[in-house]
There are 2 protein chains.
Amino acid sequence: MRDDWATFGADLHLDLRGTRLRAGLMDALRDAVRSGRLAPGTRLPSSRQLAADLGVARNTVADAYAELVAEGWLTARQGSGTRVARRAAPRPVPGAEAEAAAGTGEGGTSPVPPASPAGPTPGGSAWRVARRWTSPPAYDLRSGTPDLASFPRAAWLKAYRRALTAAPNEALGYGDPRGRQELRTALAEYLARARGVHARPERIVICSGFAHGLMLIARALRGRGARAVGVESYGLGPHAGLLRDAGLATPPLPFDERGTRVEELTPLSPDAVLLTAAHQFPLGGALPPDRRTAVVDWARATGGHVLEDDYDGEFRYDRQPVGALQGLDPERVVYLGTASKSLAPGLRLAWMVLPESLVDEVVAAKGAVVDWMCGTPDQLAFADFLATGAHDRHVRAMRLRYRHRRDQLVAALADRAPGIRVGGIAAGLHAVLSLPPGTEAAALRSAAWHGLAVQGLGHFRHPQARRTLEGLVVGYGTPPDSAWQGALRALCRVLEGVDTARPPEDA
Amino acid sequence: MRDDWATFGADLHLDLRGTRLRAGLMDALRDAVRSGRLAPGTRLPSSRQLAADLGVARNTVADAYAELVAEGWLTARQGSGTRVARRAAPRPVPGAEAEAAAGTGEGGTSPVPPASPAGPTPGGSAWRVARRWTSPPAYDLRSGTPDLASFPRAAWLKAYRRALTAAPNEALGYGDPRGRQELRTALAEYLARARGVHARPERIVICSGFAHGLMLIARALRGRGARAVGVESYGLGPHAGLLRDAGLATPPLPFDERGTRVEELTPLSPDAVLLTAAHQFPLGGALPPDRRTAVVDWARATGGHVLEDDYDGEFRYDRQPVGALQGLDPERVVYLGTASKSLAPGLRLAWMVLPESLVDEVVAAKGAVVDWMCGTPDQLAFADFLATGAHDRHVRAMRLRYRHRRDQLVAALADRAPGIRVGGIAAGLHAVLSLPPGTEAAALRSAAWHGLAVQGLGHFRHPQARRTLEGLVVGYGTPPDSAWQGALRALCRVLEGVDTARPPEDA
C-alpha cells in the first residue's frame, strides 16, 4: 500500500533544526509535504512511534501533529490515523530535495561544531529519520549581544501599544527617509541628556543597525572623493569590510597602552577615522582626554571626519561617564548609536547624528527612500519608550545586573585564575582577559571542548596591525541568568589550563 | 530685566510644523531651549498670552507647558510663572539657527504648494511668532499607498503581542540574514496558497521594502556580470534608478494594447527584465498568457531572469486571479512581494522568493548581516498575522472596500465625464483615466487648483519610451473614507474641464 507509512518510509528525512523541537518538527513535516515527498493521503506514523524514532517526548510529536491538522497540512480521523491532507500540493521546487539534504540551517556562525547527526535510529521504523542538530553551544560568552532574556517585553509591548494607538495614519505610510520625527525628537533629547551629544532632530537619520549607518556614511564620503578611513588595530572586521565594499581603504591605526595613537593620523592622512572612543572594542579602554581633543583637532585641520561608534555608551560602572566625542565638534564628528546593546539587536534600531554638511549626502546614499529602516511602529514605540522614561529604567536595571556579573567575573578569576589580567571592565558588556603569547589558540580549543563559545583577540585583529595581543574577549552580558554561573565555571576551567608562567603580552 | 518675556521677545521664533499643534509647539520650545535661544531662567509668556499670539487654544499651550515641565525643560512655580529650567544647556549646534529659520520640514514631496505662513500675529506680544504650515493637499489620489486609515491596528496589536510574548529569546538577537524562519515559513505557505508561488522558506529573503529587494537583486546580477535590465515603458522611475545605481542599463520595452511586448527581449538581449506581470503599473493590464509563457521561455533560453514585481496581487475584482509568473519557473523568476499595499508601507515588510542559484549571492549582497531589515518583533507579528488568518480577513475586507470605491469611481465618471475612458480597473488600487493628447498638463494644473493631488501618466514614462500616453493615474485606495467622496467630486470637476472632443491616445 503506497500510502502506508510502514512501507513508504524510505524517502523520508526529517531535518530538525534548532532547539525548539516542536517548531522544528513542524517545519520538517511542512517541508516534506510542501516538496511532495509526503504525498497527499500518506499515513504518518503514530506519535508514539515517531517520538521514539526521533528521541523526543511523545507530547512534542502529538502537539506538532495537532497544530499541523489545525493548519490544514494534516488530517486526523479516528481509526484512520494522521494523514497528509488531500490538498493541491504545490509543484515541488526543483532542487528542494538537495537543499533539504544539505541542511541549510540557522546558526551557521557557531564556533562550536554541531553535535554529529544521530543517524537512523534503532527504533525499527521504516522511516529513515535523521535528526540533525545545529545545537548552540552549552555556554555563550561571545561579545556583541546583550542578555536577551532581560529584554523588557512587557514595557516594550506597552510602549508599542501606546505608540500604535496614538500614531496618526500618515505614520503608517511612506515618510521621511530620515525616519519618524517623533523618534528623532526623542533621540535628540535623550542623546543630549545621556551622552552629551549635540543633536537636532533634523540631523538625525534612523537606520537599521550600526552597519547600515556605516555603509551610508561610507558611500557619502566616497561620493566626495574620500579614499581611506583609518580603523582601530583591534575592532570588528565586518565593519572594515563594509568600508572596503564602498571603495575605501582601511589602514589600521597603531595603539599603545593608552589606546589608539591618534597622532599617527597626520602621517597616515586618511579622510576619516572610525573610533570606539568611549569604550574601545574589544580592548576596553576609553580614549584619554588629550587624544579626544587631538583627533577632533586633526579633523578640523584636515577637513576629515571622525566616525564615532558609541555602541555601548549607556553602560558605565566605575568611572565618570565618558561623553560622546561628538560633543566636541558636531560638525566634524558623525555619531553612531544603536539600541542593539541597550535593548536588543532584533529591533534593528540605530541612528546617526550627522554634521549639517553630510545630511543631504547620507539621505541621498540611502536612495532618498524609506527602505532600509525598521518599521514605523517600532520607531514610534522606541520614541515612547524613551519619552516615558522606560528606557532609562531599563538601562539602569541592566547596568546593575551587568555590573554584578562583571564583579562576579572578576572575583571568580581572582580566585580560580589569579595569573590572568582582566581589562576593559569599567564599562560595557565585555572584558578582555589577557593571555600569555602563544596560549590563545589552546585556550579557544579548550573552551570549545568545554562547550563554551568565546572569542579570542585574534578574531578582532586587523591583518595589518603592527602589534599582536592574545586574550579572550568575554561577553559577560550575553548569557541569560540561568546560564551565567555555568558559563563562568566553564570559563574558569578553561583558564586554569592556561600556562600563566609566561608574562602576558603588553595590553 | 533680561529674563522677562515681555522684553526678551525679539529673538524668539516658534516654528510650528505639521498638524499636531501641541507636539509642534513642544518641538519648537525644545528647539528654542536647546539652541540656547531661550536662556535658562527665562520667563515664558502666560499660556493665555502665547495662545493668543499663536492663534491656538489656551489648553494646547497649557498642556505643552505641563509636559515640558514634566520632561525637565521648564519649571513652574506659583507666583513665578513658567520658566526655562536652569539646566546645563548644551552648546548650540552651529547652524542650528539657520536651519530652524529655513524650516526643514516634513512632507516636502507634496505636489500642492503649502498654504502661506500666517506670519507674525497681531496679538501685540513682543514674541515674534511665525506659524509655518506645510499643509497636505485637501485630497490625495496619488497612487502607491493603501488606505492607511483602514490599517487593522487592533488585529495587528494582537498579533504583535502574541508574537513577542511567544518569541524565543534568540529571536531578539542577531539572526539569519534572510529573516526570521517563522515568517519565511508562513510566507511560503501563504504565497503558495494565495499567489501560486513555489516557495520554500530557504529561498525567501525578507527585505525592508520592494526597493531594497530590487537593489539586492541588482547587485547580485551585476556581480555576475549583468549589464542591462529591461524595464517597462511606463513604470516607477526610482526603480529604474536603483538599477542604474547598481551599474545596470535600463532599456525600456515597447508595449501595445496587450501590454509589454516581451518578444522584443530577444533583439534587446538584456540580462533580466523587471515586470509587473499581474497588474501593470501604472497602465493596469495583466500580461496575457502567451506573453507570460514567452517571457519565461526567453529567460530559459538565454539564462536571463524575470524580476516579478507583484506589488498588489492580493487585490483582484472582476477576473480570475492571475497567479504569479514565478509559478511557471521558480528557477528563472525572482518573485518580489510586499506588505506595503496589503497592510501599510510603514511596516517596511517585503520579501523575495529566489531561484536557488541566487540565494547565496543575494545574501552576500546584503552584506550577510541582519541589517537592512525590519525588526524581528514585526516580522514575528506578520508571521502570526498570516498564520492566524488575520491577513486573509484584512485582505478580503479591503478588497470589498476598494472594489466599492472603484465602482463609485466608474459610476461617477460615467455620469460626470462620460468622454473619459477608465482603464486598469480589474485589480489593484488605482485606475488610469485616458486623456486626449495635449490635455494632461492642463488637467494636472486644474487638479492642483482644486486641492487634488494626483499624478499624470507622464510621471511614469521612461524617458526613452517610444510611445507617449496621456492620462491621470488615480489611486482610489489612498484617501480615508472621510475624504473619498470629496476627492471624487474634485476629480470630476477636473475632468469636466477636459476637452474630450479629441480622441484619447491609444492605451
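Residues numbered from 1 in each chain as written. Chains lettered and ligands numbered in written order. Predicted model: local features only at pLDDT ≥ 70, side-chain atom pairs only at ≥ 80, totals over all residues. Heavy atoms only, no water.

A. Structural detail: the overall build of chain A. Secondary structure assignment for chain A yields 16 helices and 17 strands. Counting every position in chain A, which comprises 507 residues, the buried fraction comes to 59%. About 19100 Å² of surface is accessible on chain A, with carbon and sulfur atoms providing 54% of the total. (Helix = DSSP H or I, 4+ residues; strand = E, 2+ residues; numbered from the N terminus. Buried < 20%, exposed > 50% of the residue type's maximum accessible area, 1.4 Å probe, protein only. Areas by Shrake-Rupley, 256 points an atom, 1.4 Å probe, with all protein chains shown as cover.)

B. Looking closely at the environment of B:Gly327. Residue and element names in this part refer to chain B. Among the structural elements, Gly327 can be located in the loop between β12 (305–309) and β13 (333–338). On a C-alpha basis, the gap between Gly327 and Arg195 in space is 8.6 Å, while along the polypeptide they are 132 residues apart. Once residues within four sequence positions are removed from consideration, Gly327 is found in contact with Gly196 and His198. (Contact = heavy atoms within 4.5 Å.)

C. Region of the structure containing helix α15 (residues 440–449) of chain A. Residues and elements named next belong to chain A. Turning to α15, its buried residues are Glu440, Ala443 and Ala447. Looking straight down α15, one finds that the buried residues subtend no more than 60 degrees of arc, so they occupy a single side. Facing away from the buried side of α15, by more than 90 degrees, are the exposed residues Arg445 and Trp449. Close packing links the buried residues of α15 with β15 (452–453), β16 (455–456), β17 (471–474) and α16 (481–496). Gly451 lies just past α15 and shows a positive phi near 75 degrees. (Arc of directions from axis to C-beta.)

D. Geometry of the sheet that holds strand β5 (residues 229–232) of chain A. Residues and elements named next belong to chain A. The 7 strands are arranged β4-β12-β11-β10-β9-β5-β6 in an open sheet whose pairing can be described as mixed. Looking at strand neighbours, the two that pair on one side only are β4 (204–207) and β6 (252–253), the edges of this open sheet. As judged from the 2 bridges shared by β5 and strand β9 (residues 272–275), these two strands associate in the parallel manner. By the bridge assignment, Val229 is partnered in β9 with Ala272. (Pairing = 2+ DSSP bridges.)

E. The arrangement of the pairing of β17(A) in detail. Residues and elements named next belong to chain A. By the alternation rule, side chains of β17 split into Gly471 and Val473 and Leu472 and Val474, which are all buried. In this structure, strand β14 (residues 431–434) lies alongside β17, joined through 4 bridges in antiparallel fashion. What sits directly across from Ala431, in β17, is Val474. With 2 bridges joining them, β16 and β17 adopt antiparallel strand pairing. Bridged to Gly456 within β17 is Leu472.

F. Main features of the packing of aromatic side chains. On inspection of all chains with the given rule, the structure shows 17 aromatic pairs over all chains. Ring centres 3.4 Å apart and planes at 10 degrees place the aromatic pair A:Tyr160 and B:Tyr160 in the stacked group. Of this pair, A:Tyr160 sits in helix α6 (residues 153–166) while B:Tyr160 sits in helix α6 (residues 153–166), each in a different chain. For the residue pair A:Tyr160 and B:Tyr160, the accessibility class agrees, reading buried in each case. (Phe/Tyr/Trp six-rings, centres within 6.5 Å; stacked < 30°, edge-to-face > 60°.)

G. Representation of the pattern of salt bridges within the structure. Per the counting criterion, the structure on display carries 56 salt bridges over all chains. One salt bridge connects A:Arg195 with A:Asp310, and the closest N-O pair in it is separated by 2.7 Å. Residue A:Arg195 is located in helix α7 (residues 181–195), and its partner A:Asp310 is located in the loop between β10 (305–309) and β11 (333–338); the two are separated by 115 residues in the primary sequence. An identical accessibility class is assigned to A:Arg195 and A:Asp310; each is buried. A salt bridge links B:Glu182 to B:Arg180; the shortest N-O distance between them is 2.9 Å. On the basis of relative accessibility, which here comes to 11%, the residue B:Arg180 falls in the buried class. Residues participating in the shared-partner salt-bridge network are A:Asp256, A:Arg261, A:Glu263, A:Glu264, A:Arg291 and A:Arg466. (Salt bridge = Lys/Arg side-chain N within 4 Å of Asp/Glu carboxyl O.)

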